[in-house]
Amino acid sequence: MSSEIAKQSPEDSTKQNIKEPGLGWMIAFVSVVSFLGLFSVVPLRKIMIVDFKLTYPSGTATAHLINSFHTTEGAKLARKQVYVLGKFFSVSFLWGFFQWFYGASDGCGFKSFPTFGLEAYEKQFFFDFSTTYVGVGMICPYIINISLLVGGIISWAIMWPLIEDRKGDWYSAELKQNSLHGLQGYKVFIAIAMILGDGLYNFIKVLGRTIFGLYNQFSKKNLDTSSDSPSSLSYDDRCRIDMFLRDQIPAWFAIGGYVIIAIISVVVVPCIFHQLKWYYIVVIYVIAPALAFCNAYGCGLTDWSLASTYGKLAIFTIGAWAGAAHGGILAGLAACGVMMNIVSTASDLMQDFKTGYMTLASPRSMFVSQVFGTIMGCVISPCVFWLFYKAFGNLGVPGSQYPAPYAIVYRNMSILGVDGFSSLPKYCLLLCSAFFIAAIIINLIRDLVGEKWAKFIPVPMAMAIPFYIGSYFAIDMCVGSLILFVWKKVDRVKADTFGSAVASGLICGDGIWTLPSSFLALAGVKPPICMKFLSRKVNAKVDGFLGS
């Protein structure tokens, strides 16, 4: 929504489509929309967990991990894992502190190290020594990291140089570098096409499985009372069901809470975003519980939350409804935030209910904990964002330390929803259509060939991300995958046991270092050294200039 991101799409950077981040309105906004998801699916928790017996894989895995800590062997292993995590946390933190001294400005320091040469560096192919991305690479599946790298090679090594050669033919050579009618438009909209193709395919797949699962549940003439009777259940299952149903959360409380917060939100949100009319919000809140149920049910079957897909749906529908003349771009983005908050919170809460069911935790206590956690998040999250926004003035700028690639992607989705295909440069629609269809076909092939061969086929959603920001982070993540792969070859048991702890330490250490570095930036303390890399020819010119 900010002017910094709007500058990257200058054709639609009018005042009514820009809203600068402010700590006050951000806290107010998330406070009135973040609780709706909690109340929307509470009445359905027994149906989801006990009656339908949905697995919720992440919630179940978390429960097994928690239960393992309460054994003698599990406690010893946990202590070892915490020690390993702390050790690599320290290494990562100190490495971030060391790097800080060499990054006096943009393009300086280890993050701008031309690992594969200066020409490759200009095409965003380099290793930037980020322990965060190395740690993430150790956690992510191999195919995700490879998909990111493949996407970077297809785009930055092949497509963008070819399209850039068409400057003056496909698009005007006089356009600004960030114009959507130039190369920037191809980068952004082709990435969006792949994301939408992948999202649409998975939405239809999960929705189909959801409908099929519901049909199977409700079409049973015999409710299998023999298999679900108390005598046929194990002692553990009987204890879990008893505990899960003991602390009931009244349906009237959940429905009343949803209605009251919705009324408050309908009043407050249009005051924050005048482009988002109150009747747009009413429509969202009427259909949101149904979408929240679909997302929570699908997540229980597949462990896949489609919150971002529902958010994109809100962008296109509300943005088009509002129209370009009435701030449709900002209205679409705000509606996306409202919708994603509701459906993602609903699926997360149901995952947590599954964890509580498996660990004999009180559902009422878990709900209250979620409420308190949400209250804290409504203050902490905007404050952390505000710290980054103020400390790093180039937040969201391509090539900066924090490029925030999805900011420009989502803004341009909103532009596409409002302006239609007229915002696309020459032949861009054809290329977008090809990549949209390709994303669907690749996903279909992945599902048809089965898990054995699917792990060798790239994931379109992951391939799309480097299309806009480059491959440097993908190279870091592939290094993380390589470390884990070699470690498993040398000692698979230790790699499986401590791999996540090492990765978490690397991520947390680098992440925590950003706090003191942010405070230093706010205080006006800058690194003392700028380490830059120049070609021999440029270096000779610099030496000549300094010598004169």
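Attention in this report is confined to the structure presented alongside it. (Residues numbered from 1 in each chain as written. Predicted model: local features only at pLDDT ≥ 70, side-chain atom pairs only at ≥ 80, totals over all residues. Heavy atoms only, no water.)

### Quick look at the overall build of the chain
The condition that has to hold: Only DSSP runs of H or I covering at least 4 residues are called helices, and only runs of E covering at least 2 are called strands; the numbering of each starts at the N terminus. C-alpha atoms define the radius of gyration in this analysis, and the globule rule sets the expected value at 2.2 Å times the number of residues to the power 0.38. Summary of the burial criterion: residues with accessible area below 20% of their type's maximum are buried, those above 50% are exposed, and those between are partly exposed, where the area comes from a 1.4 Å probe applied to protein chains only. Only heavy atoms matter for contacts: two residues are in contact if any of them lie within 4.5 Å across the pair. Shrake-Rupley sampling with a 1.4 Å probe provides the accessible areas, and residues are treated as covered by the protein chains on show and by no other component.
A tally of helices and strands in the chain yields 25 helices and zero strands. Computed over its C-alpha atoms, the radius of gyration of the chain comes to 25 Å, within 12% of the 24 Å expected for a compact globule of 548 residues. Taken along its principal axes, the extent of the C-alpha atoms in the chain is 90 × 60 × 50 Å. Going through the 548 residues of the chain one by one, you find that 43% of them count as buried. Contacts spanning at least 24 positions in sequence make up 79% of the contacts within the chain whose residues lie at least 6 apart. For the chain, the computed accessible surface area is about 27000 Å², with 68% contributed by carbon and sulfur atoms.

### With respect to the state of the cysteines
What counts is decided by this rule: Note that a disulfide, as used here, is simply two cysteine sulfur atoms within 2.5 Å.
A complete count under the given rule lists one disulfide for this structure. Note on cysteine connectivity: C108 is disulfide-linked to C530, with sulfurs 1.9 Å apart. The sign of the -65° torsion about the S-S bond sets the C108-C530 disulfide as left-handed. A residue pair is termed long-range when its members are at least 10 positions apart, and C108 in the loop between helix 6 (72–100) and helix 7 (118–122) and C530 in the loop between helix 24 (492–522) and helix 25 (536–547) qualify at 422 residues. No disulfide involves C336; its sulfur sits 17 Å from the nearest other cysteine sulfur, which is in C378. For C336, a relative accessible area of 5% puts it in the buried group. Left unpaired, C432 is separated from the closest cysteine sulfur, that of C428, by 3.8 Å.

### Focus: the side chain of S130
Defined as follows: Between N or O atoms, a polar contact is any pair within 3.5 Å; within protein, one atom must be a potential hydrogen donor and the other a potential acceptor, and residues adjacent in sequence are included only when both atoms are from side chains.
Counting through the fold element by element, S130 comes out in the loop between helix 7 and helix 8 (131–139). The exposure class assigned to S130 is buried, which follows from its relative accessible area of 4%. Of note is the side chain of S130, whose polar atom sits 3.3 Å from the backbone nitrogen of Y133. Those residues within four positions of S130 in sequence are excluded, and the remaining contacts are K111, D476 and D510.

### Observations regarding a nonpolar patch on the surface
This is how it is decided: Each patch is built from residues that are more than 30% exposed by relative accessible area and take part in no salt bridge. Like charges join if they lie within 9 Å; nonpolar side chains (Val, Leu, Ile, Met, Phe, Trp, Tyr) join within 5 Å. The working definition used for a salt bridge is a side-chain nitrogen of Lys or Arg within 4 Å of a carboxyl oxygen of Asp or Glu.
Taken together, I437, I441, L444, I445, L448, V449, W453 and F456 make up a surface patch of nonpolar side chains, about 810 Å² in accessible area. Sorting elements by how many residues they give to the nonpolar patch places helix 19 (residues 428–449) first, with six residues. Given the relative accessible area of 47%, I437 is considered partly exposed.

### Details of the packing of aromatic side chains
How two aromatic rings sit relative to each other is given by the distance of their centres and the angle of their planes. In plain terms, the rule: In this analysis, rings of Phe, Tyr and Trp, with Trp reduced to its six-membered ring, are considered paired at centre separations within 6.5 Å, and the interplanar angle assigns stacked below 30 degrees, edge-to-face beyond 60, and tilted for intermediate values. Both a distance and an angle decide whether a charge sits over a ring: NZ of Lys or CZ of Arg must be within 6 Å of the ring centre and within 35 degrees of the ring normal.
Per the stated rule, a full pass over the model turns up 39 aromatic pairs. Taken together, the ring pairs in this structure connect W95, F98, Y102, F110, F113, F127, F129 and F533 into an aromatic cluster. Looking at K19, its charged tip hangs above the ring of W25, at a distance of 5.3 Å from the centre. The positively charged end of K19 is found above the aromatic ring belonging to F273, 5.8 Å away from the centroid.

### Digging into empty space enclosed by the protein
The condition that has to hold: Cavity means a closed set of points on a 1 Å grid over the protein atoms alone, one where a 1.4 Å probe fits but cannot get out, pocket means an open set with protein on both sides within 12 Å along at least 5 of 7 lines, and lining means a residue has an atom within 4 Å of a point. Grid points are joined across faces, edges and corners, and a volume is the space filled by probe spheres set on the points.
The full count for this structure, using the stated rule, is one cavity of 30 Å³ or more. Every residue lining the largest cavity is listed: A191, I195, P405, Y406, V409, A464, I465 and Y468. Elements represented by at least two residues in the lining of the largest cavity include exactly helix 10 (183–218) and helix 18 (405–419). When residues in the lining of the largest cavity are grouped by element, the largest group, three residues, is from helix 18.

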